[in-house]
Every structure is written in structure tokens, then in C-alpha cells.
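Overview (structure and organization)
So you can see what is in the structure, the chains are spelled out below.
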Amino acid sequence: MENSLSPGLYIVATPIGNLGDITVRAVETLRGVSAVACEDTRVTGKLLHHLGIKQRLIRYDDHAGEGDRERLLSLMANEPVALVSDAGTPLISDPGYRLVRTARERGIAVTSLPGANAAVMAMTLSGLPNDRFLFAGFLPNKTKARETVLGDLARVPATLVFYETAPRLEDALGAIDSVLPGREVAVARELTKKFEECRSGTPQELIAHYAAHPPKGEIVLLVGPPGDEPMGEVDVDALLRAALQEAKPSQAAASVAKATGLDRKTLYARALELK
Ligand code: SAM
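First, a word on scope: everything that follows refers to the structure included in this document. (Residues numbered from 1 in each chain as written. Predicted model: local features only at pLDDT ≥ 70, side-chain atom pairs only at ≥ 80, totals over all residues. Heavy atoms only, no water.)

Quick word on the site of the ligand
Inspection of the region around the ligand gives 19 residues, with Thr89, Asp94, Asn117, Tyr163 and Ile219 positioned closest. At 2.9 Å, a backbone N or O of alanine 118 approaches an oxygen atom of the ligand. Protein chains shield 91% of the accessible area of the ligand, which is 570 Å² for the free molecule. Taken together, the elements giving at least two residues each to the shell around the ligand come down to β7 (159-165) and β10 (218-223). At three residues, the largest contribution of residues to the shell around the ligand is made by β10. Of the residues contributing to the shell around the ligand, the split by class is ten nonpolar, four polar and five charged. (Near = heavy atom within 4 Å. Polar contact = N/O pair within 3.5 Å; in protein donor to acceptor, adjacent residues only side chain to side chain. Areas by Shrake-Rupley, 256 points an atom, 1.4 Å probe, with all protein chains shown as cover. Helix = DSSP H or I, 4+ residues; strand = E, 2+ residues; numbered from the N terminus. Nonpolar A, V, L, I, M, F, W, Y, C, P; charged D, E, K, R; others polar.)

What follows is the structure in C-alpha cells.
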């Protein structure tokens, strides 16, 4: 990497817990820029201290106004400026959208240095289908608004990924249980940290678990896509009826058990009732 960076905006991902999760390029860039724009100068100051880097820090958070943005934009038109957030990838449920948009409109060079991101890490850990996922940020705080958002997402054929906080987890799981019944859910907590866990189950199982073990720390909540929910009685009956047209109850129960993973004896009892 060159010693002198060209003017422009460098979006730099930082760790989401484990300080080892920062790239060599990120460290070199944070050392090489003229200033680092950050959400909280104390948080970024600690990270830079850990990395042995002394830098000029400029606060740029959710409350930043037009004036703050203009000052940063004129600086990055002439000098290299990094943008970091408190943790993970800037702009992903973090400040920076307007800054990047305006920089691009003005022809200022913008580049991004990839790294840690809680949503992607949770997606890789959860065991939920990952060929398609939809990152939906934070759910609203209010019950009705939360249910409306979940209802809007109900038909999306993808795993849904939300950012959550420990105090809101139970309400979020309750809303998923009522609006998206039967979906498999995963709670990814304290990623890259000492007490990292990823727990899957139905919303009700998870509510029961966290009632007994109140959750702490940061959370990503994932909801499996529609169609992955365990089969309801109607679907099972339909499968059994179809199987019974060609087979005896015991064989029908065995083939439906194989297809669904449900208990063969229970299916056999139901097959006898349907016969
Ligand atoms: N920009 C960050 C990223 O790239 O992941 C996300 C920032 S957002 C303000 C903070 C939320 O991210 C937390 O409420 C939590 O949902 C999620 N998060 C961040 N770090 C996490 C971690 N170590 N474990 C689980 N979730 C985390």
C-alpha cells in the first residue's frame, strides 16, 4: 500500500467486539488519513489507542447537521478522510448515508474498506437459508408499527435479518410469533465476544429460554423464510390422504414421516383416523 493516500472518503469497517477483527488495510488507512470522522470520539479514540495510532478525530454522528457535513466534504475534497462508526461497517444502521451520497454527487472519490458486520456474521452462523436474505435494520419500538413492518415482510422469500437490543428481544419474538407463526428463528448474541451464542428455535421456545436466562448484550434476530415453517395439521392430513390412496396406513405413515421428519407413530394413529 502507498504511504500517501489520495484525497477522498475512506469508509473503514472496525471490529464488532473482538479487536482482532480489523484488516491490515484498515489499520494502514486509519494511520494514513488526515482525519477520522467518527460517531463517538471516545469509542474511536480507544480503538486507535489500541492500534497505536494518533489521529485527528472529527465527530460525525446521527445529529450531524449540514454545516458539519459541509466541513467534512471540503476537507475530503483535498485530503484523505476516514469514516468509521462505533462498531462494524459504517452506514449499516449507522451514520454516513448523506455524507457518501453528497460526496459521490460532487465527484469526490469514495471507497470502502470491508470488514466486520454483525448482520452478515449472524447470517453465516444461524443455519438458516442463506441464498437470499433481507436486512431490515431495527424493528420499530411501538407494537403496532412493529407488527405492520413484520406483516409487510411476511411474503418476502428470504431469511429476514434484524438488529435488536436485549431489553426489546421478548417483545420482538412475541410479535414474530403472532405475525409470522411457525417460522424458525435464530438469536445471534454477543458476536465475536466472550459470551457469543447463536440459539435457534420457535419464537415461543426462545421466549421461554430468555425468560429463564435474561439476555444481555447486542443481538441480531433472524427469521427463516416462509415455507420453512413446520407443517400444520392440514398439510400433514393432505399428505397422509394422498399416501393412503396407494398404501396401507403403516406405509403411508412411514413415507410421510420420512418426508416431514414428524413422528411415525403419531402419523400412523392419524392415518388410521383418516382411513
Ligand atoms: N454497523 C454495525 C454493523 O456493521 O454490524 C451495526 C451498528 S447498529 C447501531 C448496532 C446493532 O448491531 C446492535 O444493536 C446489534 O443489533 C448489532 N450488533 C453490533 N455488534 C454486535 C455483536 N457483537 N453481536 C450481535 N449483534 C451486534
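Side note on the sheet that holds strand β8 (residues 185-189)
Spatial strand order, β6-β7-β10-β8-β9: five strands in an open sheet with mixed pairing. Two strands lie at the open edges of the sheet, namely β6 (133-138) and β9 (197-201), each paired on one side alone. On average, each strand axis in the sheet is tilted by 20° relative to the strand beside it, whichever way the strands run. Two strands pair when backbone bridges link them, and β6 and β7 are joined in this way by four bridges, in the parallel orientation. (Pairing = 2+ DSSP bridges. Axes fitted to C-alpha atoms, helices over the stretch in contact; angles between N-to-C directions.)

Section: the environment of alanine 37
Its place among the elements puts alanine 37 in strand β2 (residues 35-38). It is 14 Å that separates the C-alpha atoms of alanine 37 and alanine 26, two residues lying eleven residues apart in sequence. If we skip the residues at most four places from it in the chain, alanine 37 touches Ile58, Tyr60, Leu72, Ala82, Leu83 and Val84. (Contact = heavy atoms within 4.5 Å.)

Description of the sheet that holds strand β3 (residues 57-59)
Pairing in this open sheet of five strands is parallel, and the strands run β3-β2-β4-β1-β5 from one edge to the other. This sheet does not close on itself; its edge strands, each paired only once, are β3 and β5 (110-113). The sheet shows a mean angle of 25° between the axes of neighbouring strands, direction not considered. Relative to strand β4 (residues 80-83), β2 runs parallel, the two sharing three bridges. Residue pairing across strands places valine 36 opposite alanine 82, the latter belonging to β4. Contacts from helix α2 (residues 41-51) reach β2 and β3, with the element oriented near 155° to β3. Strands in contact with helix α3 (residues 66-78) are β1 (8-12), β2, β3 and β4; relative to β4, the strand with the most contacts, it is inclined by about 130°.

Quick notes on the side chain of arginine 69
With respect to the helices and strands, the residue arginine 69 is situated in helix α3. Residue class for arginine 69 comes out buried when judged on its relative accessible area of 9%. Excluding residues that lie within four positions of it along the chain, arginine 69 makes contacts with Tyr60, Ala64, Arg98 and Leu99. (Buried < 20%, exposed > 50% of the residue type's maximum accessible area, 1.4 Å probe, protein only.)

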